[in-house]
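# Remarks on the overall topology
Okay, here's what each chain looks like letter by letter:
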Amino acid sequence: MPTDIIQWFPGHMAKTRRMIGEMLPQIDLVVELLDARIPSSSANPDLKRMVGDKPILTVLTKSSLADPNASAIWRSYFEKEGRHVLFLDTVTGEGMNRLLPAVTEALADKIGRNEQKGMAGRTMKLMIAGIPNVGKSSLINKLTGAKKAKVENRPGVTRDKQWVPTGHGFDLLDTPGVLWPKFEDRRVGENLAMTGAIKDDVVETVSLAVTLVGRLRSRAPALLSARYKLGEMEKYAELNDGELFEVIARKRGFLVSGGEIDEERCASVLLDEFRSAKIGRVTLELPSDAAEPVIEEQNDADL
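Residues numbered from 1 in each chain as written. Predicted model: local features only at pLDDT ≥ 70, side-chain atom pairs only at ≥ 80, totals over all residues. Heavy atoms only, no water.

On to the confidence of the model for the protein. With 84% of its residues at a pLDDT of at least 70, the protein reaches an overall mean of 85. Long-range and interchain partners of residues 1–11, a stretch whose pLDDT sits below 50, account for 30 contacts in this model, where long-range means more than four residues apart. Residue range residues 151–159 is modelled with pLDDT below 50. Its contacts to residues more than four positions away, or to other chains, number 25 contacts. (pLDDT = per-residue confidence, 0-100. Contact = heavy atoms within 4.5 Å.)

Our focus in this paragraph is the pattern of salt bridges. Summed over the entire model, instances satisfying the criterion amount to 12 salt bridges. Between Arg-122 and Asp-28 there is a salt bridge, with the nearest N and O atoms lying 3.3 Å from each other. Here Asp-28 lies in the loop between α2 (13–23) and β1 (29–35) and Arg-122 lies in the loop between α6 (108–116) and β4 (124–130), a separation of 94 residues in the sequence. You can call Asp-28 buried: its relative accessible area is 6%. Where Glu-273 meets Arg-252, a salt bridge forms, and the shortest distance between an N and an O atom there is 3.3 Å. Of this pair, Glu-273 sits in helix α12 (residues 263–275) while Arg-252 sits in the loop between α11 (241–251) and α12, and the two are 21 residues apart along the sequence. Taking the relative accessible area as the measure of exposure, Glu-273 reaches 6% and is therefore buried. Salt bridges sharing common partners tie together Asp-28, Lys-110 and Arg-122. (Salt bridge = Lys/Arg side-chain N within 4 Å of Asp/Glu carboxyl O. Helix = DSSP H or I, 4+ residues; strand = E, 2+ residues; numbered from the N terminus. Buried < 20%, exposed > 50% of the residue type's maximum accessible area, 1.4 Å probe, protein only.)

Taken as a whole and assessed by the stated rule, the structure comprises three aromatic pairs. Seen from their ring centres, Trp-74 and Tyr-77 are 5.5 Å apart, and the 90° between their planes marks the pair as edge-to-face. Placement of both Trp-74 and Tyr-77 in helix α4 (residues 68–80) is noted, with a separation of three residues, approximately one turn of the helix. In this structure Tyr-77 comes out as partly exposed when scored by relative accessible area, which is 33%. (Phe/Tyr/Trp six-rings, centres within 6.5 Å; stacked < 30°, edge-to-face > 60°.)

A word on the packing of helix α9 (residues 205–219) against α11. Running from amino to carboxyl end, α9 crosses α11 at an angle of 95°, the nearest separation of the two axes being 9 Å. In terms of orientation, α9 lies roughly perpendicular with respect to α11. In this structure, α9 uses Val-206, Ala-209, Val-210, Val-213, Gly-214 and Arg-217 to contact α11, whose residues at the interface are Asp-241, Gly-242, Leu-244, Phe-245 and Ile-248. Counted by class, the contact of α9 with α11 contains seven nonpolar, two polar and two charged residues. (Axes fitted to C-alpha atoms, helices over the stretch in contact; angles between N-to-C directions. Parallel < 35°, antiparallel > 145°, perpendicular 65-115°, else oblique. Nonpolar A, V, L, I, M, F, W, Y, C, P; charged D, E, K, R; others polar.)

What follows is the structure, encoded as structure tokens:
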């Protein structure tokens, strides 16, 4: 894994941070979207400081791609922290029927204060925040019933803020995806790249795919074996992750002239099949092994 994955961040991040700060006085609730496969790695540790005392609803997206047992563990973890939390998937519709009640619950105090002031029914303002490619635009389109926000399965599509009315008593502020200035935890960078939050063209995909093989043989050996017809995983115990990657390439027939493996093709297929859950529903981290990312404070002028 090249070092650029540890230092990489979008060039528009400073602008986004300033925009969030400018818009916060208008915001009643921050909806933070996390990737259910990497709840810790996809959480920006700077967000809480940025939003101050504004209430936060934690929404874990792409839940149909994550291990449901792991998601239950994460739900318990977040609830013990006192968070408002919801798992959903905008593609399958899983959990979408619980979104509006969750928003209402998170806004209960604000709604009560408005009623006391004779402002019942006031339109609430929600900010949608999260890393690139976590599903912000897809969620907005589901809530509005129309393609109000541009959606593509790649990071960096939303470039500027936009207000979107929903017809449900609140308006949504879509924001560009934000990664924090620096993260020194290598696993955080790897997790973000594996799930597609970091563009493939800025990482070394073969190295990333080899790392993914190692993660899968640890987290989901039965799924890895079944997808690539590996048989009993114990027989590969003496192989390192790179050697197992080569076994997978040969099993799938990813070869070039001379019998050498086509590393790029195998890497592309592995990453695609993990991201689309063709390998199966896999969560890459649990609360017990998730460490807080180390971030370095930087002035916007330094970004």
